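Architecture and fold: a report
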Amino acid sequence: MIEKWTDENGRSWSYVRVDGGAVISHGVVELPKATLEMQKRPAVTPAPTGIFSLPSKINGMPLVGIGICGMAGCDQIQELTIPEGVEFIAEYAFANCRQLRSVHIPPSVTGVAKMAFAYCAELKSLHIQDLSAWTRMNQKYTQSSNTVWFKCPGHDIYVGGNLLESVRVDHVESLVEAVVFGNCRSIKQVAFGTGVKKVESTFPDCPNLQQCSLPDSVEEIGFRTFYNCPLLRKLDFSGKHLKRLSASAFENAPSELVEVENGLRYYKGWCLGAADELFVRRPPVVRMRDGTIGVAGTAFTGHSFIETMIVPPSVECVEPLAFHNMIRLRKIYFEGRMPAMRGAILNRNCDMFSPAVKIYVLKDVWGGVGMQKGVQGRGVNVFAVTSFEM
């Protein structure tokens, strides 16, 4: 049953009671009954304008939801804050808010239904306090060039057709298939707060992404995280807890994001493989710089000109497929203790005619047969020696 309430500013709100709380609503509970007229007429009169915050209470009851078409048609709102306590945003809740540019969504929101922000053509900034709680997704849509696509495990969140330029998420536990800004051609700036530990395939093909901020909590940057982001020249990230890295994370990304020394690319102490100049010189022997802490996944995959690889003692780990498909590789020297191998770093089974690979480790730091774990393939042998003869 629809009830009415007038606030201190003289606005009349239509709402329904739900478990001790209030939902801004026309009384429609099923999407097929939401008419085109409702999508243009909010459940409040006069309609809010400019910068507006929804009331936290309706007639003394906590506001717990925005119902179907509840705030639709508020075409003069420019910035909107949804108060803490709101738990869900229903279908077409803010449809046709044609001047809406910025929305602040609190962590209490655990459900955002399909087309909640439909036809909000000016929406350019979305501030989500806690994305990890967003769980109520019940519809999938075709991704378009102007669509920001939030993908959480088991469900999808779309803000379709909106030219979003800035997204801020204060908290989310993981960005692995949790937030995907794939092929979003309008996004320019993204910022994430605390809690994120892993990012993977998060910003592929975002041609206008210029700035990204990741928290100190990030421990892993995975496959193609910043792939093909040609304008990304500012990545605010300390990297002090970075434990795993894929070289493909920065594939086709600007050179400004990485360091280049003696023809090798580095990011936060991790070796990403060869820079373009090394492919021109094609030296048979390559040594990573002192202080390198890890070799990124797929870092030297397909580097066919390298015959000898020298790994300094500072390297603590080598990621999967770091030396994969190096058809001329014959020797790898570990100047220090053989580092941790995370998965198969070297798989030669794909090329039975390539020369055998010999891996040399000094006897005084030799860790035994168990140190060979992670090295697999036909014709790969590990030797403990007293000195290196190159």
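Residues numbered from 1 in each chain as written. Predicted model: local features only at pLDDT ≥ 70, side-chain atom pairs only at ≥ 80, totals over all residues. Heavy atoms only, no water.

What about the pattern of salt bridges?
- The full count for this structure, using the stated rule, is 12 salt bridges.
- Residue K198 is joined to E200 by a salt bridge in which the shortest nitrogen-to-oxygen separation is 3.8 Å.
- For E200, a relative accessible area of 24% puts it in the partly exposed group.
- Where E251 meets R224, a salt bridge forms, and the shortest distance between an N and an O atom there is 3.7 Å. Of this pair, E251 sits in the loop between strand 22 (244–245) and strand 23 (259–261) while R224 sits in the loop between strand 20 (220–221) and strand 21 (234–236), and the two are 27 residues apart along the sequence.
- On the basis of relative accessible area, E251 is assigned to the partly exposed category, the value being 31%.
- Three or more residues joined by partner-sharing salt bridges are found here, namely K198, E200 and E220. (Salt bridge = Lys/Arg side-chain N within 4 Å of Asp/Glu carboxyl O. Buried < 20%, exposed > 50% of the residue type's maximum accessible area, 1.4 Å probe, protein only. Helix = DSSP H or I, 4+ residues; strand = E, 2+ residues; numbered from the N terminus.)

Focus on the layout of surface pockets
- If you add up the space inside the largest pocket, you get close to 450 Å³.
- In this structure, the largest pocket is lined by 19 residues; those nearest its centre are E251, N252, R265, L272 and A274.
- Only strand 25 (270–274) and helix 1 (276–281) provide two or more residues apiece to the lining of the largest pocket.
- Ranked by residues supplied to the lining of the largest pocket, first place goes to strand 25 with three residues. (1 Å grid on protein atoms, 1.4 Å probe; cavity = no way out; pocket = protein on both sides within 12 Å on 5 of 7 lines; lining within 4 Å. Points joined across faces, edges and corners; volume = space filled by probe spheres on them.)

Focus on the sheet that holds strand 23
- Pairing in this open sheet of six strands is mixed, and the strands run 23-24-25-27-29-31 from one edge to the other. Both outer strands of the open sheet, strand 23 and strand 31 (340–341), are each paired with one neighbouring strand and no more.
- Where strand 23 meets strand 24 (residues 264–267), three bridges bridge the pair, whose relative direction is antiparallel. The residue of strand 24 that forms the bridge with E259 is Y266. (Pairing = 2+ DSSP bridges.)

Observations concerning unusual backbone geometry
- Omega for the peptide link from T45 to P46 comes to -10°, which places this bond in the cis form.
- Structurally, P46 is set in the loop between strand 4 (44–45) and strand 5 (50–53).
- In this structure, D19 is a non-glycine residue whose phi angle is positive, near 50°.
- Tracing the chain through its elements places D19 in the loop between strand 2 (12–18) and strand 3 (21–24).

Overview of the packing of aromatic side chains
- Under the defined criterion, the tally for this structure stands at six aromatic pairs.
- Between W13 and F52 the ring centres are 6.4 Å apart and the planes differ by 20°, which places this aromatic pair in the stacked class. Within this pair, whereas W13 is found in strand 2, its partner F52 is found in strand 5, the two being separated by 39 residues in sequence.
- Ring-pair connections join several aromatic residues into one group, and the members of that group are F226, F250 and Y267.
- Stacked on the ring of Y266, the Lys or Arg R289 has its end atom at 4.0 Å from the ring centre. (Phe/Tyr/Trp six-rings, centres within 6.5 Å; stacked < 30°, edge-to-face > 60°. Lys NZ or Arg CZ within 6 Å of the ring centre and 35° of its normal.)

Some thoughts on the confidence of the model for the chain
- For the chain, mean pLDDT is 79; residues scoring 70 or higher make up 76% of the total.
- Between residues 349–353, whose pLDDT stays under 50, and residues either more than four places distant or in other chains, the model counts six contacts. (pLDDT = per-residue confidence, 0-100. Contact = heavy atoms within 4.5 Å.)

Some points on the nonpolar core
- L54, F94, F250, F300, M309 and F323 are the most contacted members of the largest nonpolar core, which has 94 residues in total.
- Ranked by the residues each element gives to this core, the list is headed by strand 25, at four residues.
- When residues no more than four places from it in sequence are discounted, the contact partners of F250 are F226, L235, L245, L257, V258, R265, Y267 and L272.
- I68, C69, A72 and A90 belong to the second-largest nonpolar core, a separate cluster that totals seven residues. (Core = buried A, V, L, I, M, F, W, Y, C linked by side-chain atoms within 4.5 Å.)

Considerations on the pairing of strand 28 (residues 308–311)
- Neither face of strand 28 is left uncovered, since the one carrying T308 and I310 and the one carrying M309 and V311 both have all their residues buried.
- Both strand 28 and strand 30 (residues 331–334) contribute to a ladder of four bridges, which runs parallel. Within strand 30, the position partnered with M309 by the bridge is I332.

Examining the environment of R233
- Relative to the helices and strands, R233 is located in the loop between strand 20 and strand 21.
- Along the sequence, R233 and S255 sit 22 residues apart, while their C-alpha atoms lie 8.4 Å from each other.
- Excluding anything up to four places from it in sequence, R233 contacts Q210, P254, E256 and L257.
- Here the side chain of R233 touches E256 through a polar contact of 3.1 Å, side chain to side chain. (Polar contact = N/O pair within 3.5 Å; in protein donor to acceptor, adjacent residues only side chain to side chain.)

Digging into the environment of G21
- With respect to the helices, strands and loops of the structure, G21 is situated in strand 3.
- C-alpha separation for the pair G21 and G65, spaced 44 residues apart in sequence, amounts to 8.5 Å.
- Each residue touching G21, except ones within four places of it in the same chain, is listed here: V16, M61, P62 and V64.

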